[in-house]
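Structure assessment
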Amino acid sequence: MSVVKRTIRIEEQGREASRATGAWLQRVKRLQSVFGLAVIITLASVLCVRNGENLFLNPVNLANVVRAVSENGIIAVGMTLVILVAGIDLSVGAILGLTATVAADLMMHKHFGTLGTVLAVLLIGALIGLLNGAVSTKLSIQSFIVTLASMSIARGIARFWSGGTGIPITYGNEPNLAPVSYSLLSERIAGIPVPAICFIGISIVFAALLRYTRFGRYVYAIGGNETASRLSGIRVTRVKIAVFTICGVLSAAAGLIHAAQLNQGSPNDGIGYELNAIAAVAIGGTSLSGGIGTIPGTVVGALILGVLDNMLGLLNVNNNLQMVFKGLIIIAAVVLQRKK
Amino acid sequence: MGQDAVLTLDGIRKSFGNVHALKGARLELRKGEVHALMGENGAGKSTLMNILQGAVGDYEGEVFLSGKKVDIRAPLDARRLGIAKIHQELQLVPELSVAENIFLGREPRTRLGTVDFKRMYRETQPYLEALELPVKETAKVGGLRLGEQQLVEVAKALSLHARILIMDEPTSALSESETRKLFQVIRRLSAEGVSIIYISHRMEEIFELSQRITVMRDGEYIATVNTREVTKDDLVQMRVGRAVSDLYPFRETSAGPVMLEVERLTFHPPAGSARKRLQDVSFAVREGEVLGIAGLMGAGRTEILECLFGMHPGHTSGVIKVKGTEVRIRSPLEAIRHKLSFVTEDRKGQGLVLGRPIGENMTLPLLRQLSRWLFLRFRDEENECRKQMESLKVKATSPATVAGTLSGGNQQKVVLARWLMMNPDVLLLDEPTRGIDVGAKAEIYQLIHRLAEQGKSIIMVSSELPELIGNCDRIVTVCEGRVTGEFMRAEATPEKLLSAATFRSEPACQS
């Protein structure tokens with residue numbers, strides 16, 4: 001019932017706004033990132049044909065795309081929350097590297113089971129996120145600076161922990177091997193890669209959290225006007241810390257998946273992931289000044305980046321040129337999303 | 001079209017989507033006149049002035065400057081034509097100094113091409129002196145009070161040597177004495193041949209300053225009249241198209257037991273804060289009583305309310321008692337729990353989340369009650385919002401309307417609706433009618449009285465003395481962070497309040 005109500009409310013909201021610029025234009029605007037995705041998918045399906053075979057649209061490749069998107073997507077969901085409260089988290093990539101390393105080490109050398117590993121690793125992510133949030137709010141330091149510092153700290157710990165090299169994961173039932181159940185994270189269920197399932201599940205949970213809960217309302221209010229929120233009795237500090245903690249946990253979740261995918265935990269992985277996540281959030285229409293944005297937007301943003309990567313790869317475009325393209329797409333996407 | 005018209009606007013039309021903001025507006029401005037522009041909120045005054053200063057390029061209609069047809073499509077056009085505007089919403093850079101703000105974009109240069117600060121400061125001084133503005137030209141604008149900032153904006157317009165000056169509510173943040181100074185400047189400018197378009201909701205100012213008045217209603221031109229030939233009632237009738245009954249409703253004072261008691265409230269602002277200090281402020285307010293706080297800008301009026309609302313924990317000392325029990329209020333949340341509510345002076349900066357729907361804005365403090373476990377009960381929320389919107393006559397189609405799109409009066413009603421929803425015992429109102437139209441003002445006054453009759457306590461800060469005298473049962477005056485006087489409604493006059501607000505009863509008080 002309330003879902004219906006909500007939809008009506010949003011439509012009304014759209015109607016209000018559309019008075020200024022014309023109704024259909026507004027509707028197109030709101031779906032712009034989806035159009036962008038459609039354009040890129042169309043491009044990919046048309047261009048990536050070799051010897052009469054469509055390399056992009058084949059099921060294995062599509063599954064690969066979603067799998068590749070999942071890690072960045074999961075991080076980007078957390079990043080969306082952080083950016084909605086007008087913060088930024090640069091430590092996500094380092095958290096991924098650290099947690100992947102710790103996960104490998106716990107299973108291979110410390111006799112942890114799957115559940116224990118998962119819990120311990122998520123806890124580490126939560127702890128770093130909590131510290132990010134607590135330090136930036138309590139000491140009023142901009143989150144950019146705090147997370148820049150924790151990025152360095154987390155990366156340093158990861159390298160120190162592992163001696164600077166990756167820890168390979170091999171599965172088996174013996175004490176010095178990783179539990180087989182952990183490899184589920186790199187498997188498929190009904191043809192869909194498990195990481196993709198995680199990504200979809202996490203996206204749905206957090207989209208619902210933002211839309212249907214008090215917490216979500218607070219996140220938008222704080223990003224929109226922090227003073228007004230505080231004066232309305234919202235515990236701004238607490239909400240912000242929670243948001244950073246969530247971002248840390250999701251980065252750790254991405255780290256678990258990363259380790260399972262590569263069968264190793266390397267302290268040097270995840271470098272630059274924070275930028276990919278921010279790019280996905282920005283392409284998805286979230287304002288970096290806070291208060292405006294959605295999870296579905298971010299999901300689309302992550303998919304756009306993923307499909308683009310995949311397409312350029314299939315077309316054998318030079319690796320370095322791929323980066324150039326990606327940069328241009330980010331600018332174009334953000335310009336197209338701009339109001340007016 | 002008059003012979004001596006410096007500016008003529010004719011048949012101006014402008015639509016935003018399917019809202020027709022202007023439907024054939026007209027204005028004729030003579031050389032050296034102070035021309036008042038009046039109209040309710042949403043009458044189209046601001047849009048018309050935005051067109052004139054080049055902020056809205058795509059309008060229909062004709063603009064003549066000294067008989068010559070001109071096009072104003074960009075702010076630079078307006079500046080070239082000698083049109084300057086003093087904004088109601090201040091457009092200053094808080095991190096820059098007074099002088100830097102005044103000369104922003106046209107800083108004097110030295111031979112090396114660097115900014116000639118010496119000259120800039122030297123050239124700033126005369127403007128500050130003309131306005132008798134007691135700030136240094138090197139002071140950061142962000143550290144100044146709102147009223148002082150407004151005068152800096154005036155100085156900036158003066159320095160542009162504009163031939164046409166638009167003033168949109170220039171006195172809304174000024175104290176009486178600053179208003180006097182501003183009026184002197186306006187008169188001098190007009191004597192020098194500068195034409196001034198003066199927008200204000202304050203009738204007294206318009207009668208005092210202007211030679212002619214143009215009235216607008218619903219985006220249309222209603223009439224232009226000579227100020228000497230009309231009465232207040234005529235104008236009100238023209239603006240609203242109906243007669244407005246007495247602004248201040250009469251109410252028997254029937255104060256009950258003491259609701260809120262403040263003893264020796266002292267506040268030392270942290271270093272670098274623009275807030276003023278408070279010293280041993282004591283007062284009490286009873287159930288069903290409206291208490292006014294009068295004082296000049298910077299006297300500490302706002303700070304009293306902020307301290308009561310727990311906004312400066314750690315810098316505040318003193319005793320606060322609610323219904324006889326001493327309470328500790330260390331955050332707005334704790335204040336709300338003690339059933340206090342606070343309507344701030346700065347609606348956009350501290351009151352509303354402008355980008356979100358008004359419904360969400362109203363229910364922010366109340367979401368705990370409006371949710372089951374973690375999840376919001378949208379239907380209850382919407383009902384609650386619609387109820388408040390109806391009782392306060394908020395003009396918006398639904399609770400989903402984005403707050404930023406409403407007029408000032410309606411935004412203020414949304415803020416009030418927010419606090420009324422939680423059924424507070426004490427309402428702290430800081431300049432509750434600032435920048436609001438007569439119609440909306442009257443409604444807010446009615447509301448204040450209705451709330452007092454329900455037994456709520458109201459503490460109201462205002463720089464408009466007639467407003468305080470009209471609404472309050474009792475008024476305390478503050479000066480430099482101390483209470484300097486207390487008056488019952490029957491004995492309060494603007495003169496008495498003003499002299500108490502400028503007189504320091506205790507001499508040894510460093511500021």
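Residues numbered from 1 in each chain as written. Chains lettered and ligands numbered in written order. Predicted model: local features only at pLDDT ≥ 70, side-chain atom pairs only at ≥ 80, totals over all residues. Heavy atoms only, no water.

You'll find chain B entered in an unreviewed UniProt entry as D-ribose transporter ATP-binding protein, with Gordoniibacillus kamchatkensis given as the organism.

**Let's talk about the overall build of chain A**
Across its full length, chain A holds 14 helices and six strands. Rg of the C-alpha trace for chain A: 21 Å, near the compact-globule value of 20 Å for 340 residues, within the 12% margin. Its C-alpha atoms give chain A principal-axis dimensions of about 65 × 60 × 40 Å. Per-residue burial over chain A gives 51% buried out of 340 residues. Looking at chain A alone, contacts between residues at least 24 apart form 76% of all its contacts between residues at least 6 apart. On chain A, roughly 15300 Å² of surface is accessible, and the fraction owed to carbon and sulfur atoms is 67%. Across chain A, 26 positive and 13 negative side-chain charges occur, with their mean positions spaced 13 Å apart. (Helix = DSSP H or I, 4+ residues; strand = E, 2+ residues; numbered from the N terminus. Rg over C-alpha atoms; globule rule 2.2 N^0.38 Å. Buried < 20%, exposed > 50% of the residue type's maximum accessible area, 1.4 Å probe, protein only. Contact = heavy atoms within 4.5 Å. Areas by Shrake-Rupley, 256 points an atom, 1.4 Å probe, with all protein chains shown as cover. Lys, Arg positive; Asp, Glu negative; His and termini not counted. Charge placed at Lys NZ, Arg CZ, Asp CG, Glu CD.)

**Concerning the state of the cysteines**
All chains considered together, the criterion is met by zero disulfides over all chains. A:Cys198 forms no disulfide, and the closest cysteine sulfur to it belongs to A:Cys247, at a distance of 17 Å. (Disulfide = S-S within 2.5 Å.)

**Some words on the packing of helix H4 (residues 59-84) of chain A against helix H12 (residues 273-283) of chain A**
Residues and elements named next belong to chain A. H12 packs onto H4 with a crossing angle of 65° between their chain directions and a minimal axis gap of 8 Å. By the angle class used here, H4 and H12 are roughly perpendicular. Judged by the twist between their axes, the crossing of H4 over H12 is right-handed. Two secondary-structure elements touch here, H4 through Glu71, Asn72, Ile75, Ala76, Met79, Thr80 and Ile83 and H12 through Tyr273, Glu274, Asn276, Ala277, Ile278, Ala280 and Val281. (Axes fitted to C-alpha atoms, helices over the stretch in contact; angles between N-to-C directions. Parallel < 35°, antiparallel > 145°, perpendicular 65-115°, else oblique. Left-handed = near helix turned anticlockwise from the far one by under 90°.)

**Description of the side chain of B:Lys14**
Looking at the secondary structure, you find B:Lys14 in strand S1 (residues 5-16). Within the local environment of B:Lys14, its side chain forms a polar contact with the side chain of B:Asp58, the two groups lying 3.0 Å apart. (Polar contact = N/O pair within 3.5 Å; in protein donor to acceptor, adjacent residues only side chain to side chain.)

**Examining the interface of chain A and chain B**
Each partner contributes to the interface: chain A provides 29 residues, whereas chain B provides 42 residues. In this assembly, chain A packs against chain B so that about 3300 Å² is buried in total across both faces, 58% of it on carbon and sulfur atoms. Here chain A and chain B share two salt bridges between them. A salt bridge links A:Arg217 to B:Glu360; the shortest N-O distance between them is 3.6 Å. Counting the contacts that link chain A with chain B gives eight residue pairs in polar contact (both at pLDDT 80 or more). At the level of elements, helix H1 (2-21), helix H8 (194-212), helix H9 (214-224) and helix H10 (226-231) of chain A are the ones that each hand at least two residues to the side of chain A that touches chain B. (Buried area = accessible area lost by both parts, 1.4 Å probe. Salt bridge = Lys/Arg side-chain N within 4 Å of Asp/Glu carboxyl O.)

**Regarding the packing of H12(A) against helix H14 (residues 319-337) of chain A**
All names here are of chain A. At a minimum axis separation of 9 Å, H12 and H14 run at an interaxial angle of 30°. As summarised for this structure, H12 and H14 are arranged roughly parallel, according to the angle between their axes. Handedness of the H12/H14 crossing: left-handed. Where H12 abuts H14, its residues Asn276, Ala279, Ala282 and Ile283 lie against Lys326, Ile330, Ala333, Val334 and Gln337. Grouping the constituent residues of the contact of H12 with H14 by class yields six nonpolar, two polar and one charged. (Nonpolar A, V, L, I, M, F, W, Y, C, P; charged D, E, K, R; others polar.)

**Quick word on a positive patch on the surface**
Together, A:Lys138, A:Arg238, B:Arg337 and B:Arg368 line one region of the surface with positive charge. Residue classification places A:Arg238 among the exposed residues on the basis of a relative accessible area of 55%. (Patch = residues over 30% accessible without salt bridge, like charges linked within 9 Å, V, L, I, M, F, W, Y side chains within 5 Å.)

**Regarding unusual backbone geometry**
Glycine aside, a negative phi is what most residues show, and trans is what most peptide bonds show. Even without being a glycine, A:Ala86 presents a positive backbone phi close to 65°. Phi at B:Asp280 takes a positive value of approximately 50°, unusual for a residue other than glycine. Following the sequence through the fold, B:Asp280 ends up in strand S12 (residues 278-286). Note on B:Asp280: relative accessible area 40%, which makes it partly exposed.

**Remarks on the sheet that holds strand S6 (residues 83-86) of chain B**
All names here are of chain B. Taking strand neighbours across the sheet as the criterion, the six strands line up as S6-S7-S8-S3-S9-S10 in an open arrangement whose pairing is mixed. Every interior strand has two partners, whereas the edge strands, S6 and strand S10 (220-226), have only one. Within this sheet the neighbouring strands show an average axis-to-axis angle of 20°, counted without direction. By the bridge criterion, six bridges tie strand S9 (residues 212-217) to S10 in an arrangement that is antiparallel. Bridge pairing in S10 places Val215 opposite Ala223. In this fold helix H6 (residues 176-191) packs onto strand S3 (34-38), strand S7 (164-168) and strand S8 (195-199), with an angle of close to 145° to the strand it touches most, S8. (Pairing = 2+ DSSP bridges.)

**A closer look at helix H13 (residues 378-392) of chain B**
All names here are of chain B. For H13, built from 15 residues, the straight-helix expectation of 21 Å at 1.5 Å per residue is met to within 8% by its first-to-last C-alpha distance of 21 Å. Buried within H13 are the following residues: Phe378, Glu381, Glu382, Cys385, Gln388, Met389 and Leu392. Take H13 and look down its axis: the buried residues cluster within an arc of 130°, on one side only. Away from its buried face by more than 90 degrees, H13 exposes Lys387 and Glu390. One or two steps after H13, the chain reaches Lys393, where phi turns positive at roughly 55°. (Expected span 1.5 Å × (residues − 1). Arc of directions from axis to C-beta.)

**A word on the pairing of S8(B)**
All names here are of chain B. When you tally the buried positions in S8, you get five out of five residues, the bulk of the element. Judged by which residues are buried, S8 turns out to be covered on both faces: Ser195, Ile197 and Ile199 on one side and Ile196 and Tyr198 on the other are all buried. Pairing of S3 with S8, which is carried by four bridges, proceeds in the parallel orientation. The residue bridging Ala36 from the neighbouring strand is Tyr198, located in S8. Bridge count for S7 against S8 is five bridges, and the pairing is parallel. Looking at the pairing, Ile164 lines up with Ser195 of S8.

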